[in-house]
Amino acid sequence: VVVAGLAVVLRVLLIINAPAYGYVWDFYQDGVARLYTQGRLPLSTECWQCYHPPLFYWLGWPFYAIGARMSPRSDDLAWRLLAGESLLCVGVLVYYGIRLMRLLGCRGASLAAGVCLLLMTPILFISSDAPDADVLVAALLTGFAFHAARVFGRRRAIRAPDAAGLGVLVGLAMATKFSGLIALVTAGVLIAIRLFESRDRMTTVRAGATILCLALAIGGWKYVDNVRRYGTPLFANGSAAEGFAAGATRETGARYEFLTIRLGALQNLF
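Anyway, here's the lowdown on the structure attached to this text. Since the model is a prediction, treat every value here as computed from it, not as a measurement. Here, residues in each chain are numbered from 1, in the same order as that chain's written sequence. The model is predicted, so local features are restricted to residues of pLDDT at least 70 and side-chain atom pairs to those at 80 or more, both for listing and for counting; the totals for chains, interfaces and linings are taken over all residues. Hydrogens are left out, water is left out, and the side-chain values use all remaining heavy atoms of the structure.

Things to note about the pattern of salt bridges
If the charged atoms of two oppositely charged side chains come close together, the side chains can form a pair.
(1) Moving on: Think of a salt bridge as a Lys or Arg side-chain nitrogen and an Asp or Glu carboxyl oxygen that are within 4 Å of each other. Counting across every chain of the model gives nine salt bridges.
(2) Moving on: The partner of arginine 155 in a salt bridge is glutamate 197, and the shortest N-O contact between them spans 3.3 Å. Of this pair, arginine 155 sits in the loop between α7 (133–152) and α8 (160–174) while glutamate 197 sits in helix α9 (residues 181–197), and the two are 42 residues apart along the sequence.
(3) Moving on: Where salt bridges share partners, they join Arg150, Arg154, Arg159 and Asp162 into one cluster. Put simply, DSSP H or I for four residues or longer makes a helix, DSSP E for two residues or longer makes a strand, and each gets a number counted from the N terminus.

A short note on the environment of alanine 187
(1) Moving on: Structurally, alanine 187 can be placed in helix α9.
(2) Moving on: A relative accessible area of 4% places alanine 187 in the buried class.
(3) Moving on: Once the C-alpha coordinates of alanine 187 and glycine 167 are considered, the two residues, 20 residues apart in sequence, prove to be 8.8 Å apart.
(4) Moving on: The contact partners of alanine 187, leaving out residues within four places of it in the chain, are Phe144 and Ile211. Each residue is assigned to one of three classes by its accessible area relative to the maximum for its type, calculated with a 1.4 Å probe on protein chains only: buried under 20%, partly exposed between the two thresholds, exposed over 50%. Should any heavy atoms of two residues lie within 4.5 Å, those residues are considered in contact.

Points about the side chain of aspartate 129
(1) Moving on: One can find aspartate 129 in the loop between α6 (122–126) and α7.
(2) Moving on: We count Lys and Arg on the positive side and Asp and Glu on the negative side, and we leave His and both chain ends out. Comment: no salt bridge for buried aspartate 129; closest opposite-charge side chain is arginine 80, at 5.3 Å.
(3) Moving on: Aspartate 129 has contacts with Leu14, Ile15, Ala18, Tyr21, Gly22, Tyr23, Ala83 and Gly84, leaving out every residue within four places of it along the chain.

Let's talk about helix α5 (residues 108–120)
(1) Moving on: By definition here, a helix of n residues has an expected span of 1.5 Å times n minus one. Given a rise of 1.5 Å per residue, 13 residues ought to cover 18 Å, and the 18 Å separating the end C-alpha atoms of α5 matches this to within 8%.
(2) Moving on: Leu111, Gly114, Val115, Leu118 and Leu119 are the residues of α5 that are buried. Down the axis of α5, the sector holding all buried residues measures 130°, keeping them to one side. Facing away from the buried surface of α5 by more than 90 degrees, the exposed residues are Ala109 and Leu117.
(3) Moving on: Contacts made by the buried residues of α5 are with α1 (2–16), α4 (76–103) and α6. Here, the arc refers to the directions that run from the helix axis to the C-beta atoms.

Thoughts on a nonpolar patch on the surface
(1) Moving on: Put simply, a patch holds well-exposed residues, over 30% relative accessible area, that have no salt bridge, with like charges counted together within 9 Å and Val, Leu, Ile, Met, Phe, Trp or Tyr side chains within 5 Å. Here the Shrake-Rupley method, with its probe set to 1.4 Å, supplies the accessible areas, and only the displayed protein chains count as covering residues. On the surface, Leu6, Val8, Val9, Leu10, Val12, Leu13, Ile16 and Met120 cluster together into a nonpolar patch covering about 670 Å² of accessible area.
(2) Moving on: Ranked by the residues each element gives to the nonpolar patch, the list is headed by α1, at seven residues.
(3) Moving on: Turning to its location among the elements, leucine 10 is positioned in helix α1.
(4) Moving on: On the basis of relative accessible area, leucine 10 is assigned to the partly exposed category, the value being 31%.

Some remarks on the packing of aromatic side chains
Given two aromatic rings, their pairing is described by the distance between the two centres and the angle made by the two planes.
(1) Moving on: Pairs were defined over the aromatic rings of Phe, Tyr and Trp, the Trp ring being its six-membered one, requiring ring centres within 6.5 Å. Orientation was assigned from the angle between planes: stacked under 30 degrees, edge-to-face over 60, tilted for the rest. Tallying each qualifying case throughout the model produces 11 aromatic pairs.
(2) Moving on: On the basis of an interplanar angle of 65° and a centroid distance of 6.0 Å, the ring pair of tyrosine 28 and phenylalanine 56 is categorised as edge-to-face. Of this pair, tyrosine 28 sits in the loop between α1 and α2 (29–38) while phenylalanine 56 sits in helix α3 (residues 55–70), and the two are 28 residues apart along the sequence. Accessibility classification places tyrosine 28 together with phenylalanine 56 in one group, the buried group.
(3) Moving on: Between tyrosine 230 and phenylalanine 235, the ring centres sit 3.9 Å apart and the planes meet at 15°, which makes this aromatic pair stacked.

Structural notes on the nonpolar core
(1) Moving on: Each nonpolar core is a collection of buried residues, namely Ala, Val, Leu, Ile, Met, Phe, Trp, Tyr and Cys, held together in the definition by side-chain atoms within 4.5 Å. Counting 54 residues, the largest nonpolar core has Tyr64, Phe144 and Phe152 as its most contacted members.
(2) Moving on: Elements that contribute at least two residues to this core include exactly α2, α3, α4, α5, α7, α8, α9 and α10 (201–219).
(3) Moving on: Broken down by element, the residue count for this core peaks at 10 residues, all from α7.
(4) Moving on: When near neighbours in sequence (up to four residues on either side) are disregarded, tyrosine 64 contacts Val32, Ala33, Tyr36, Asp75, Ala78, Trp79 and Leu82.

See the structure below:
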């Protein structure tokens, strides 16, 4: 209670002294503003951060619209409400983070330390007042991590509702940022491990197919559109484009090897 109260007080002080658009490095709010003024999603090349998948823009639109209509002569209220959206995302992240820690056996002092880490991590604290898609995808991935640990931590067959829930979370993460693809890869690895250790393989295959189909249906269209327009599923503006280029040469390429999945070692790790 003391830690949560301190976190609330510090965030109030952060918001009081923050600029109208909060503390943000990448101006994701440009995409939301263009969605509001133009009545359509912006094209990837229309602004610096417009190339991201659209979920943040869609969810941010009501916050921005309410502020814009309440104060049509100034953008300050619209920016503040949009930045405040991240407070909800941080709340979701902390909620699922606590549930995940409890699921993994954290109690007492270890749980308190984990809650402190979640609430006081500098980047998460600063992003509590920032229109930032990273906070949204972090909340979705934390929720996915909890439900994946709950579903795959049991030895019994994966139920259809559990597979559907994971597929929805994966799709929403994919629809927020390219980094949300981590959830899809993780789900694939977990399904592969379950296939090796389970006798009821058909149920596992059906669960994997459910996750994949729902994920692609919810979050896949942006990647298809990128291929159609730009010839690559991970189109990006500026320096980010180099990070997503499939054939890019990295200095770490000679030291690290990412293409071989050693399922035995991975299963031991999990």
